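Examining the three-dimensional arrangement
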Amino acid sequence: MKKLVALAAIIFTLHSCNSGDRGELVGTQGKKWHPEKPFGMTLVPGGSFIMGKSDDDFVAVNDAPTKTVTVRSFYMDETEITNAEYRQFVNWVRDSTVRLKLAIIADEFGITSEDEGVGAYAFIDEEGEEMTPYEQYMYDNYFGMGDDFYEGRKINSRTEIIWDTANYPDEYYTEVMDTMYIPSEEAYNGQRTIDITKLNFQYTWMDIQAAARDASKRRKDYIIKEEVNVYPDTTVWIKDYNYSYNEPMHNDYFWHQAYGDYPVVGVNWRQAKAFTAWRTLYKNSYQKSRRRQHVNSFRLPSEAEWEYAARGGLESASYPWGGPYTKNDRGCFRANFKPLRGDYAADQALYTVEAASYEPNDYNLYNMAGNVAEWVDSSYDPSSYDFSSNMNPNVNDTDNYRKVVRGGSWKDIAYFLQVSSRDYEYRDSARSYIGFRTVQDYMGTDVILNEKFGDAR
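In what follows, the accompanying structure is described. Just so it is clear, the structure is predicted and the values come from calculations on it, not from any experiment.

Here we look at the sheet that holds strand β10 (residues 423-426)
Strands belonging to one sheet form pairs held by backbone hydrogen bonds; the direction of such a pair is parallel or antiparallel. With mixed pairing, 4 strands are arranged side by side in an open sheet as β10-β9-β8-β11. Edge positions in the sheet fall to β10 and β11 (434-435), since each has one partner strand and no second. When strand β8 (residues 373-379) meets β11, the two strands line up parallel, connected through 2 bridges. Paired with Ala373 across the strands is Ile434, a residue of β11. Helix α8 (residues 269-289) rests against β8 and β9 (402-406) of the sheet, and its axis sits at about 85° to β8.

Here it is, written out as structure tokens:
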């Protein structure tokens, strides 16, 4: 093997000497990069702004003193992540779980793709079928070496999953599907639903901050594996409000298509992070199938990025639309919140509204104030503005479970709708008034000012 590597190195050296560069330093040549605006997102041009309270903090929290902050350019979702979008994530996890279970049972009983029934869902790599030399090498050398015996196996995503019990192909298929549903004794009204405890998403991420500050450990020591149950907690509509009739929201809000365009709630911070990891995986799987370069990771915004985007380019404004009033010149409320000493319906909404409701700010971002508060990728520390950097500041302490939420919600008073107001919730807590939106880093800098101010080069 070493001889082959040495020979390849010699061939590469000889080729490089005759590559047509005439011995000049021309740099490595690759595919030309064409930035692509992610679907449903808008470009927030980088720049500096005054972060923090622009007027007196009349509630005397004093956790947001003013400071000048600079952030880089990024894309941000125009709306909060909706129920329909989050259901796509949940359904992907559900389908992947079913396919994996079917493939495992086929493997255990020696059923191959040539057999009928559950064999249609056998691992694609069984018996080396449809494997590239690389895949065959990885299979031969790494299969069964990890904590999960089936880690790295390729499941079959082409064969449709059969959900109708009358069409189950065999007893093996029936056994697998039976494990995906709640026990029959827990079903009522003739409805046996999916067991949501089975809907777990696994992903890994690298703690680059820790790795950069401590090089004494191996790279693998900083790679963290997460497993998150992805189904939102629909009981928040009951638990958040004692002695209140909110059963219809508990029963229908997440899964019914009537609420498909409404922001998802009942999602904790870890579930929001898992969604961003899945969205990256999902997009890059498509990019790979089209032989295109991978895109940057989707992620939660930092607290500074969120506030910068919410301001929409307005300096020292109280709200995304400016301020200091919550009504427009026609006397209509500009956001969905709790106005007039508790008259929830005064803004034409009792609970949440569609994610694209009301007028967007100058960055074309909807509901940066009200509707649902939003998780950001920052830990809450009342003094964090005093010690955080002025360049892309973000204080995210893995040992601090208090995570910042921004923007206020349908149940909050106007103070929490202000772009500078800070609030927090614990990372494992889900609420009926907290959702999220995602961002993606923009690669490049020379077109940023062009988007807003014309050609500034």
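Remarks on empty space enclosed by the protein
Summed over all chains, the structure comprises 2 cavities of 30 Å³ or more. Considering only enclosed or pocket space, the largest cavity measures out at about 90 Å³ in volume. Looking at the largest cavity, the residues that line it are Met51, Lys67, Glu303, Ala304, Ser378, Ser379, Ser384, Tyr385, Ser388, Pro393, Asn394 and Val395. At the level of elements, α9 (303-311), β8 and α10 (384-387) are the ones that each hand at least two residues to the lining of the largest cavity. Residues that form the lining of the largest cavity fall into these classes: 5 nonpolar, 5 polar and 2 charged. Computed from the structure, the second largest cavity encloses a volume of approximately 50 Å³. Forming the boundary of the second largest cavity are Asn83, Pro232, Asp233, Thr234, Val236, Trp237, Met249, Tyr253, Phe254, Val264, Val265 and Gly266.

A short note on the sheet that holds strand β1 (residues 41-44)
If you trace the 4 strands from one edge of the open sheet to the other, you get β1-β4-β12-β7, paired in antiparallel fashion. The open sheet has two edge strands, β1 and β7 (298-299), and neither has a second partner. Contacting β1, β4 (74-77), β7 and β12 (439-441), α9 crosses the sheet at an angle of about 75° to β4.

So, the packing of aromatic side chains
Throughout the structure, instances matching the rule amount to 35 aromatic pairs. With centroids separated by 4.8 Å and ring planes inclined at 45°, the aromatic side chains of Phe109 and Tyr172 adopt a geometry described as tilted. Here Phe109, found in the loop between α2 (83-108) and α3 (133-142), pairs with Tyr172, found in helix α4 (residues 171-179); they are 63 residues apart in sequence, far enough to count as distant. Exposure remark for Tyr172: the relative accessible area of 23% places this residue in the partly exposed category. Ring centres of Tyr253 and Tyr262 lie 6.3 Å apart, and the angle between their planes is 85°; on these two criteria the pair is classed as edge-to-face. Taken individually, Tyr253 and Tyr262 each receive the classification buried, so the pair is uniform in this respect. The ring of Trp269 carries Lys403 above its face, with NZ or CZ at 4.5 Å from the centroid.

Overview of the packing of α2 against α4
Between α2 and α4, the shortest axis-to-axis distance is 10 Å and the interhelical angle comes to 140°. When the interaxial angle is binned, α2 and α4 end up oblique. Remark: the crossing between α2 and α4 carries right-handed chirality. Contact residues: α2 offers Val98, Lys101, Leu102 and Ile105, while α4 offers Tyr172, Tyr173, Glu175, Val176, Met177 and Thr179.

Looking at the nonpolar core
With 50 residues, the main nonpolar core has Tyr86, Phe89, Phe201, Val230, Trp375 and Phe436 as its most contacted residues. When residues of this core are traced back to their parent elements, those giving at least two are α2, α4, β5 (200-206), α6 (236-239), α8 and β8. Here this core takes 8 residues from α2, the largest share from any one element. Every residue in contact with Val230, bar those within four places of it in the chain, is listed here: Tyr86, Phe89, Val90, Val93, Leu199, Phe201 and Gln271. Of all hydrophobic cores here, the second largest spans 22 residues; its members include Met76, Ala304, Tyr308 and Ala309.

Regarding unusual backbone geometry
Notably, Tyr243 is not glycine yet its phi reads approximately 55°, a positive angle. On the secondary structure map, Tyr243 appears in the loop between α6 and α7 (247-252). One non-glycine residue, Tyr358, lies in the positive phi region at around 60°. You can see Tyr358 is positioned in the loop between α9 and β8.

With respect to the pairing of strand β2 (residues 47-51)
Moving residue by residue along a regular strand, the side chains alternate between the two faces of the sheet. Every second residue of β2 is oriented toward a common face, the buried set being Gly47, Phe49 and Met51 and the non-buried set Ser48 and Ile50. In the sheet, β2 pairs with strand β3 (residues 67-71) via 5 bridges, with the strands oriented antiparallel. Counted as the bridge partner of Met51 is Lys67 from β3.

Definitions and cut-offs
Residues numbered from 1 in each chain as written. Predicted model: local features only at pLDDT ≥ 70, side-chain atom pairs only at ≥ 80, totals over all residues. Heavy atoms only, no water. Pairing = 2+ DSSP bridges. Helix = DSSP H or I, 4+ residues; strand = E, 2+ residues; numbered from the N terminus. Contact = heavy atoms within 4.5 Å. Axes fitted to C-alpha atoms, helices over the stretch in contact; angles between N-to-C directions. 1 Å grid on protein atoms, 1.4 Å probe; cavity = no way out; pocket = protein on both sides within 12 Å on 5 of 7 lines; lining within 4 Å. Points joined across faces, edges and corners; volume = space filled by probe spheres on them. Nonpolar A, V, L, I, M, F, W, Y, C, P; charged D, E, K, R; others polar. Phe/Tyr/Trp six-rings, centres within 6.5 Å; stacked < 30°, edge-to-face > 60°. Buried < 20%, exposed > 50% of the residue type's maximum accessible area, 1.4 Å probe, protein only. Lys NZ or Arg CZ within 6 Å of the ring centre and 35° of its normal. Parallel < 35°, antiparallel > 145°, perpendicular 65-115°, else oblique. Left-handed = near helix turned anticlockwise from the far one by under 90°. Core = buried A, V, L, I, M, F, W, Y, C linked by side-chain atoms within 4.5 Å.

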